[in-house]
Amino acid sequence: MSANNNTAVQAATLTINGRPVEINGEKNLLEVVRKAGIDLPTFCYHSELSAFGACRQCLVETEDGRILASCSVPADPGMKIKTHSPRVQRIRKVALELLLANHDRECTTCEKSGVCKLQDLAQRYGIDEVRFGKRDQKMPLDLSSPAIVRNPNRCILCGDCVRMCKEVQGLGILDFANRGASMVVTPAFGRDIADVECVNCGQCAAVCPTGALTVKSEIDQAWAAIYDDSKTVVVQIAPAVRVAVGDAFGLKPGEISLGKLVAALRMIGIDKVFDTSFAADLTVMEETTEFINRLRSGAQLPQFTSCCPAWVKYAEQYYPDMLSNLSSCRSPQQMFGSVAKRYYTKELNIDPKDMYVISVMPCTAKKFEAARPEFSNDGVRDVDLVLTTQEIAHMIKEAGINFAELEEDSLDMPFGFTTGAGVIFGVTGGVAEAVLRAANFLLTGEELQKVAFTEVRGLAGTRAATVDVAGHEVRVAITHTLGEIKALMEKIRKGEEYFDIIEVMACPGGCIGGAGQPGQNTIELRTKRSEGIYRADTRMQLRKAQENPLVQHVYDKWLGQYGSHEAHEALHTQYSGRSRMPGEGISIMQGQSQGEKVDVAVCVGTCCFLKGSTQMLADLTELIDQSGYADQVNLRAAFCLENCAGSASVKVDGKIIGGLTAKKSAVVMQEIMAALRNKKAKVEA
Amino acid sequence: MPPIGETSELERINQVIAEYGNNQSALIPVLQQVQEVYHYLPEEILTYVATALNLSPATVYGVATFYAQFSLEAKGKHVVRVCDGTACHVRGSTPVLNAIRKKVGLTAGMKTTGDRQFTVETVSCLGACGLAPAVVIDDRIYGQMTPEAVSIVLDELMKEVD
Ligand code: SF4
Ligand code: SF4
Ligand code: FES
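Source: prediction; values computed, not measured. (Residues numbered from 1 in each chain as written. Chains lettered and ligands numbered in written order. Predicted model: local features only at pLDDT ≥ 70, side-chain atom pairs only at ≥ 80, totals over all residues. Heavy atoms only, no water.)

Draft legend 1. Quick look at the interface of chain A and chain B. Taken together, the 34 residues of chain A in the interface contact 28 residues of chain B. In this assembly, chain A packs against chain B so that about 2,500 Å² is buried in total across both faces, 64% of it on carbon and sulfur atoms. Taken together, the connections running from chain A to chain B amount to one salt bridge. Among the ionic pairs, B:Glu43 bridges to A:Arg191, the shortest N-O distance being 2.8 Å. Those elements giving two or more residues to the side of chain A that touches chain B turn out to be strand 7 (174-177), strand 8 (184-187), strand 20 (586-590), helix 20 (606-610) and helix 21 (613-627) of chain A. (Contact = heavy atoms within 4.5 Å. Buried area = accessible area lost by both parts, 1.4 Å probe. Salt bridge = Lys/Arg side-chain N within 4 Å of Asp/Glu carboxyl O. Helix = DSSP H or I, 4+ residues; strand = E, 2+ residues; numbered from the N terminus.)

Shown next as structure tokens:
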């Protein structure tokens, strides 16, 4: 009995460089080595992704002379390994040299210079010459995306981006193609990334160890606006920026440095510095109003949050049939832009085109959002430019400002006053909590004592809670990363789960883990930042959006009631389905007649496919053949007719016929005959 | 361009997909079927396959480009493969190749004629070195080719085409 106890208590150990190290459930040998304080280099290992074992940097040598990739083997008790034996060192160096041989080594002009893993390791291992030839052919850059830049000449084929997009985001936009020397990492069919289903989350760039995937820099436009005397330059700072910008200047991770950032922006020459959290308070009022209306009527639940532009694009692509469940609220960034250009310009008595709104965001997808056509008026964008935290840090460095030593400065008014509700938007669970802080009040006019809804907090992938809101049992779900929402959606569609409100953020940890933030995006760092956000919340005088006197002022002066017509004009939007792939689809029949022909498209996109549209297509082809009018019909299979809510769909000469099933080919045939008769009648007339 | 997706063809692909129960393990057999039906892997069909198997188009593209048995380019009705292995090269495969390209009307960089009648490729070795220089047209092998001889063979084929 006691002997048993003993073995249970004694932890298993292994020996690293002659020293015993305990094994505590680490998932592989590499994790144990790192725990022992040895920073084994890696390119293709990321603790939140699957192990790949391709870069050959994490090698160790065993007692019996075997070389192991420590990322891909379990930590076995009793193992004896060396992490920098001469053999291991030599192999590691050669592997590194091979990677460098294939890499465009123009470091001085690379955005990642200074934070590049490859550069760092080349330095650590003292690589002073690369003996292998240079890749002579330059591949073109992909500048198509508003969010990220792909430079395949710098790619070392570690596959980190591939696994991030596939495993964490559930998308799989990038993958390996070709083989041997011509292997590349690319979107489908070698297309530009803007021409595929990429949602601009930037997480691929956040894990890329080299400069092959980087955030698109728009610093030049910012300087140009600052030095343009005709422009009043207004900056809004997103909630998650305040706990991350300090990282770029060696401050403690998670430290709140909003005051320093405000001071730096003033020194750079920004005219007005405001807080996106103010607009987030506004979002809370609109989104909660919308939610309680849905709750009262019981219609169109669950309500999904809509402040994450990567999630919005994802929903437009993959859940076009559920877009009416998305909150119609614009994101805080866009609410701010709209209020600034519509109303604040009046207050300042300037033309909207003379105001230049810059957002400082943790996010690359915000660049895409700000450029969406629905957020422009007469060619003037509500938000003129989006800079990521990385970019603003870059500008501050460029301006020679000693950030760490700056005296804190305070925000401008009126959009510099915020409550804790607006600040917690920066972390997963924050939007849901902010809505819960307001829901009871908006429903009954009574304030709750409770402020912190800790049941929705944390960094677990998907969290669920039931919260009592004035007698309604509200089912809340919170998810972050798109892979998580994909899994949850499947359960919801199968009827296995039910929720009233669902918060979705595309980035791990929410905006604090945005791809535009500086530093290595690890779970440890996100935990620190999350703590920072909640610390900022508790330090606020006011913590509920409905208590924000300046938000109230905006309603009194300009918007009227919560959810009013004016508020809808200024603060809401609508969504529409996006075809996932460009192109005409698959041509099935082409009428040979010289005269007019009827165009028929049968959708075989996901929703319609699942409803049996391919069977219908097969039957329809036969019907057309038998009808004797085959020469007057063009038939194709389309990938999306953007009528997913009414799938399966067919388009006959521009007219959509929805609600079809596998057996409904005859209905379509009737429509085709009608269209043919129409054409004939027109010709005769 | 002629239709690339007769339903009967799409159906043959659907059958293979159904056989595997819309499972991702179907990918390679499905691609083989697509290759057989269309003689290449059209982008549209690959996107369709991705939807049906719940894979990303990039993953399907990756597999399609990994295996040499798959081709992403449309091939002509007749595929002409000129051997450029050492033996054939030494015995004059280059003039033969040039003659073929000229005859069917291919300009630099093109592999398939605009009317999709001919695709001309080179291969490293057909294993028919005794017949050098060797040319394979639609699975028939022609040995000891000269520019003149190959021109006669092509004339015959082109008559059929008309
Ligand atoms: S930006 Fe996001 S969606 Fe686009 S390829 Fe990268 S990880 Fe995938
Ligand atoms: S783009 Fe970057 S992350 Fe992706 S494979 Fe290349 S080096 Fe690795
Ligand atoms: S980290 Fe182990 S092989 Fe790359």
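Draft legend 2. Spatial organisation of the site of ligand 1. Close contacts around ligand 1 come from A:Ile148, A:Cys165, A:Leu171, A:Ile173, A:Ile193, A:Cys198, A:Val199, A:Asn200, A:Cys201, A:Gly202 and A:Cys204, and that covers them all. Of the residues that constitute the shell around ligand 1, the class distribution is nine nonpolar, two polar and no charged. (Near = heavy atom within 4 Å. Nonpolar A, V, L, I, M, F, W, Y, C, P; charged D, E, K, R; others polar.)

Draft legend 3. A look at the pairing of strand 2 (residues 19-22) of chain A. All names here are of chain A. With four bridges connecting them, strand 1 (residues 13-16) and strand 2 associate as antiparallel partners. Bridge pairing in strand 2 places Thr13 opposite Glu22. A loop of two residues connects strand 1 with strand 2, the two strands running antiparallel in sequence, and Asn17 in this loop sits at a positive phi of about 50 degrees. (Pairing = 2+ DSSP bridges.)

Draft legend 4. Geometry of the environment of B:Ile13. Residues and elements named next belong to chain B. By the element assignment, Ile13 lies in helix 1 (residues 7-19). Take Ile13: its relative accessible area is 0%, and that puts it in the buried class. Each C-alpha atom, one on Ile13 and one on Val90, is 44 Å from the other, the two residues being 77 residues apart in sequence. Beyond its immediate chain neighbours, meaning those up to four positions away, Ile13 contacts Val30, Gln33, Val34, Tyr38, Ile45 and Val49. (Buried < 20%, exposed > 50% of the residue type's maximum accessible area, 1.4 Å probe, protein only.)

Draft legend 5. Just the pattern of salt bridges, in detail. Residues and elements named next belong to chain A. In this structure the tally under the stated criterion is 38 salt bridges over all chains. For Glu374, the salt bridge identified is with Arg372, shortest N-O distance 2.8 Å. Given the relative accessible area of 8%, Arg372 is considered buried. Here Lys679 ties to Asp653 by a salt bridge, and the two come within 2.5 Å at their closest N and O atoms. Of this pair, Lys679 sits in helix 22 (residues 665-684) while Asp653 is found in the loop between strand 23 (650-652) and strand 24 (655-657), placing the two residues 26 residues apart along the sequence. Look at the salt bridges and you will find they share partners, linking Glu433, Arg437, Arg457, Asp537 and Arg543 into a network.

Draft legend 6. Fine view of the nonpolar core. Within the largest apolar cluster, 149 residues are counted, with the highest numbers of intra-cluster contacts made by A:Trp311 and A:Ile485. Each of domain 2 (97-215) and domain 3 (219-564) of chain A gives at least three residues to this core. Every residue in contact with A:Ile485, bar those within four places of it in the chain, is listed here: A:Phe304, A:Trp311, A:Tyr314, A:Tyr319, A:Thr479, A:Ile502 and A:Val504. Grouped together as the second largest cluster of nonpolar side chains are 63 residues, B:Val30, B:Leu46, B:Leu53 and B:Ala58 included. (Core = buried A, V, L, I, M, F, W, Y, C linked by side-chain atoms within 4.5 Å. Domains from an automatic or database assignment.)

Draft legend 7. Geometry of the side chain of A:Gln57. Residue and element names in this part refer to chain A. In this fold, Gln57 is placed in the loop between helix 2 (29-35) and strand 3 (59-62). Overall, the relative accessible area of 0% leaves Gln57 in the buried class. If sequence neighbours within four positions are ignored, Gln57 has contacts with Pro41, Thr42, Phe43, Arg92, Ala95, Leu96 and Leu121.

Draft legend 8. Representation of the environment of A:Asp599. Residue and element names in this part refer to chain A. Looking at where Asp599 falls in the secondary structure, it is placed in strand 21 (residues 598-603). For the pair Asp599 and Ile672, spaced 73 residues apart in sequence, the C-alpha to C-alpha distance is 8.8 Å. With residues near it in sequence (within four places) discarded, Asp599 still touches Asn634, Lys651, Val652 and Asp653. A distance of 3.2 Å separates the side chain of Asp599 from the side chain of Asn634, its partner in a polar contact. (Polar contact = N/O pair within 3.5 Å; in protein donor to acceptor, adjacent residues only side chain to side chain.)

Draft legend 9. Quick peek at the packing of aromatic side chains. Residue and element names in this part refer to chain A. For the structure shown, the criterion picks out 18 aromatic pairs over all chains. On the numbers, 6.3 Å between centres and 35 degrees between planes, the contact of Trp223 with Tyr227 is tilted. When its relative accessible area of 63% is taken as the criterion, Tyr227 is described as exposed. Clustering of aromatic rings is evident, with ring pairs tying together Phe274, Phe278, Phe336, Tyr344 and Phe415. Directly above the aromatic system of Phe249 lies the positively charged group of Lys397, at a separation of 5.4 Å from the ring centroid. (Phe/Tyr/Trp six-rings, centres within 6.5 Å; stacked < 30°, edge-to-face > 60°. Lys NZ or Arg CZ within 6 Å of the ring centre and 35° of its normal.)

Draft legend 10. Representation of the site of ligand 2 in the model. A:Cys155, A:Cys158, A:Gly159, A:Cys161 and A:Cys208 are the nearest of the 13 residues found near ligand 2. The class makeup of the residues in the shell around ligand 2 is 10 nonpolar, two polar and one charged.

Draft legend 11. How the structure looks around the sheet that holds strand 17 (residues 462-469) of chain A. Residues and elements named next belong to chain A. Taken in spatial order, the four strands line up as 12-19-18-17 in an open sheet, and their pairing is mixed. Only two strands of the sheet have a single neighbouring strand rather than two, namely strand 12 (303-304) and strand 17. Here strand 17 pairs with strand 18 (residues 472-480) via eight bridges, running antiparallel. Along strand 18, the bridge assignment pairs Thr462 with Thr479.

Draft legend 12. Summary view of the sheet that holds strand 1 of chain A. Residues and elements named next belong to chain A. Spatial strand order, 2-1-5-3-4: five strands in an open sheet with mixed pairing. With partners counted over all chains shown, the strands left at the sheet margins are strand 2 and strand 4 (67-69), one partner each. Strand after strand, the sheet turns through a mean of 40 degrees between neighbouring axes, direction not considered. Here strand 1 pairs with strand 5 (residues 80-82) via two bridges, running parallel. Across the sheet, residue Ile16 finds its bridge partner in strand 5, namely Ile81. Where helix 3 (residues 86-101) meets the sheet, it contacts strand 3, strand 4 and strand 5, and its direction lies at approximately 155 degrees from that of strand 3. (Axes fitted to C-alpha atoms, helices over the stretch in contact; angles between N-to-C directions.)

Draft legend 13. Spotlight on helix 8 (residues 258-268) of chain A. All names here are of chain A. Burial within helix 8 is extensive, with nine of its 11 residues counted as buried. Of all the residues in helix 8, the buried ones are Leu258, Gly259, Lys260, Leu261, Val262, Ala263, Ala264, Leu265 and Ile268. Where the residues of helix 8 are buried, they touch helix 7 (219-226), strand 10 (232-237), strand 11 (272-275) and helix 13 (389-398). Once helix 8 finishes, Gly269 follows within two positions and takes phi at roughly 115 degrees, a positive value.

Draft legend 14. Region of interest: the packing of helix 3 of chain A against helix 4 (residues 117-124) of chain A. Residues and elements named next belong to chain A. Between helix 3 and helix 4, the shortest axis-to-axis distance is 11 Å and the interhelical angle comes to 135 degrees. Relative to helix 4, the element helix 3 is oriented oblique. Handedness of the helix 3/helix 4 crossing: left-handed. Here helix 3 contributes Leu96, Leu99 and Leu100 to the contact with helix 4, which in turn contributes Leu118, Leu121 and Ala122. Broken down by class, the residue content of the contact of helix 3 with helix 4 amounts to six nonpolar, no polar and no charged. (Parallel < 35°, antiparallel > 145°, perpendicular 65-115°, else oblique. Left-handed = near helix turned anticlockwise from the far one by under 90°.)

Draft legend 15. Quick look at the domain arrangement of chain A. If you check the domain split of chain A, you get domain 1 (2-84), domain 2 (97-215), domain 3 (219-564) and domain 4 (586-684). Between the C-alpha centres of domain 1 of chain A and domain 3 of chain A the distance comes to 41 Å.

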